[in-house]
Amino acid sequence: MPTLPPKFDVTREDIARVVASFYEMVRQHPGLGPVFAVHVTDWPKHEAKIIDFWANAILHERSYDGNPLKVHRDAGNVRPGMFDAWLALFDMTLRRELEPDQAAAWSLLAHRIGRSLRAGVVEQTKDAGGVPILR
């Protein structure tokens, strides 16, 4: 079976650099750091899994086998409003670590995935009347 070309021009090494830089900033972020700290006890293992996620999404590798929507729903402390902070921090990382065209292409993909995850989390965080709880 022929290999698909990357969605845009980044390498696995670029992905690893972005992920490491991003999570370094996440750990220091006043809103996101505590949320991640509840769930991530082995940062190298977590980062390796996220590198595989992005390598799958961008490079069409078959190294990731997780379910991001389930993870975010099951976390219990992820709120829809947190995705804006996550995406802003991710965009800042992309601009710092990559060339402008690479950063722009990856940002578009990240925002599309973020919208999907946010929508999935919103479905799980509704009040008794079915109104989304946006925290």
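Every value quoted in this text rests on a predicted model; they were computed, and no experiment measured them. Per chain, residue numbering runs from 1 following the sequence as it is written. The predicted origin of the model limits local features to residues at a pLDDT of at least 70 and limits the giving and counting of side-chain atom pairs to 80 or more, whereas totals for whole chains, interfaces and linings rest on all residues. Side-chain calculation: all heavy atoms of the structure are included, whereas hydrogens and water are not.

**Observations regarding the layout of surface pockets**
A pocket, in this scheme, is an open set of points on a 1 Å grid over the protein atoms alone with protein on both sides within 12 Å along at least 5 of 7 lines, while a cavity is a set where a 1.4 Å probe fits but cannot get out; residues line either one if an atom lies within 4 Å of a point. Grid points are joined across faces, edges and corners, and a volume is the space filled by probe spheres set on the points. Quantified by volume, the largest pocket comes out at close to 760 Å³. Lining the largest pocket are 28 residues, with Phe 36, His 46, Ile 50, Val 71 and His 72 sitting closest to its centre. For the lining of the largest pocket, the secondary structure elements donating two or more residues are helix 2 (33–39), helix 3 (43–59), helix 4 (68–75), helix 5 (82–97) and helix 6 (100–124). Considering each element in turn, the lining of the largest pocket owes the most residues, six residues, to helix 3. Here the lining of the largest pocket is built from residues that sort into 19 nonpolar, five polar and four charged. Starting at the N terminus, helices and strands are each numbered in turn, a helix being any DSSP run of H or I of at least four residues and a strand any DSSP run of E of at least two. Any residue that is not Ala, Val, Leu, Ile, Met, Phe, Trp, Tyr, Cys, Pro, Asp, Glu, Lys or Arg is counted as polar, Gly included; the first ten are nonpolar and the last four charged.

**What to know about the packing of aromatic side chains**
Note on aromatic contacts: the rings of Phe and Tyr and the six-membered ring of Trp form a pair at centre separations within 6.5 Å, being stacked when their planes are under 30 degrees apart, edge-to-face when over 60 apart, and tilted otherwise. Applying the stated criterion across every chain, the model contains 13 aromatic pairs. A ring pair is formed by Trp 86 and Phe 90, whose centres lie 5.0 Å apart and whose planes are at 15 degrees; its orientation type is stacked. Of this pair, Trp 86 and Phe 90 are both found in helix 5, four residues apart, which corresponds to roughly one turn of the helix. Ring pairing ties together the aromatic residues Phe 8, Phe 22, Tyr 23, Phe 36, Trp 43, Phe 53, Trp 54, Tyr 64, Trp 86, Phe 90 and Trp 106, which thus form one cluster. Charge-over-ring placement is defined geometrically: NZ (Lys) or CZ (Arg) within 6 Å of the ring centre, and within 35 degrees of the ring normal. Above the plane of the ring of Trp 43 lies Arg 27, whose end atom (NZ or CZ) is 4.6 Å from the centre.

**Some thoughts on the packing of helix 1 (residues 12–28) against helix 3**
To obtain each axis, a line is fitted to C-alpha atoms, and for helices this fit is confined to the stretch in contact; angles are then taken between N-to-C directions over 0 to 180 degrees. Look at helix 1 against helix 3: their axes get within 9 Å of each other, and the N-to-C directions meet at 135 degrees. Compared by their axis directions, helix 1 and helix 3 come out oblique. Our pair here, helix 1 against helix 3, has a crossing hand that is right-handed. The residues of helix 3 that touch helix 1, namely those facing Arg 12, Ile 15, Ala 16, Val 19, Ala 20, Tyr 23 and Arg 27, are Trp 43, His 46, Glu 47, Ile 50, Ile 51, Asp 52, Trp 54, Ala 55, Ile 58 and Leu 59. Among the residues forming the contact of helix 1 with helix 3, the class breakdown is 12 nonpolar, one polar and four charged. In what follows, roughly perpendicular refers to angles from 65 to 115 degrees, roughly parallel to angles under 35, roughly antiparallel to angles over 145, and oblique to any angle outside these ranges. Note: crossing handedness is left-handed where the near helix turns anticlockwise from the far helix by less than a right angle, and right-handed where it turns clockwise. Any pair of residues with heavy atoms lying within 4.5 Å of one another is described as a contacting pair.

**Structural notes on the packing of helix 1 against helix 5**
It is the contact of helix 1 with helix 5, at a shortest axis distance of 9 Å, that shows an interaxial angle of 135 degrees. Overall, the two elements helix 1 and helix 5 adopt an arrangement that is oblique. Between helix 1 and helix 5 the crossing geometry is right-handed. Note on element contacts: helix 5 touches helix 1 through Trp 86, Leu 89, Phe 90, Met 92, Thr 93, Leu 94, Arg 96 and Glu 97, opposite Arg 17, Val 18, Ser 21, Phe 22, Met 25 and Val 26. Per-class residue counts for the contact of helix 1 with helix 5 are nine nonpolar, two polar and three charged.

**Here we look at the confidence of the model for the protein**
Confidence scores labelled pLDDT are given residue by residue by the predictor and lie between 0 and 100. Residues at a pLDDT of 70 or more form 88% of the protein, whose mean pLDDT is 89. Across the protein, the secondary-structure element scoring lowest on mean pLDDT is helix 4, at 85, and the one scoring highest is helix 1, at 98.

**Considerations on unusual backbone geometry**
Its identity is not glycine, yet His 60 carries a phi of approximately 65 degrees, on the positive side. By the secondary structure assignment, His 60 is in the loop between helix 3 and helix 4.

**With respect to the nonpolar core**
Nonpolar cores are built from buried Ala, Val, Leu, Ile, Met, Phe, Trp, Tyr and Cys residues. Side-chain atoms within 4.5 Å join them into one set. Each residue is placed in one exposure class: buried if its accessible area under a 1.4 Å probe, protein chains only, is under 20% of its type's maximum, exposed if it is over 50%, and partly exposed if it falls in between. Residues Ile 15, Trp 54, Ile 58, Phe 90 and Trp 106 are the most contacted members of the largest nonpolar core, which totals 32 residues. Elements represented by at least two residues in this core include exactly helix 1, helix 3, helix 5 and helix 6. Per-element accounting of this core gives the leading share, nine residues, to helix 3. If sequence neighbours within four positions are ignored, Trp 106 has contacts with Phe 8, Val 10, Asp 14, Ile 15, Val 18, Trp 54, Ile 58, Phe 90, Leu 94 and Leu 98. Judged by nonpolar contacts, the second largest core, of five residues, contains Val 35, Val 78, Phe 83 and Val 121.

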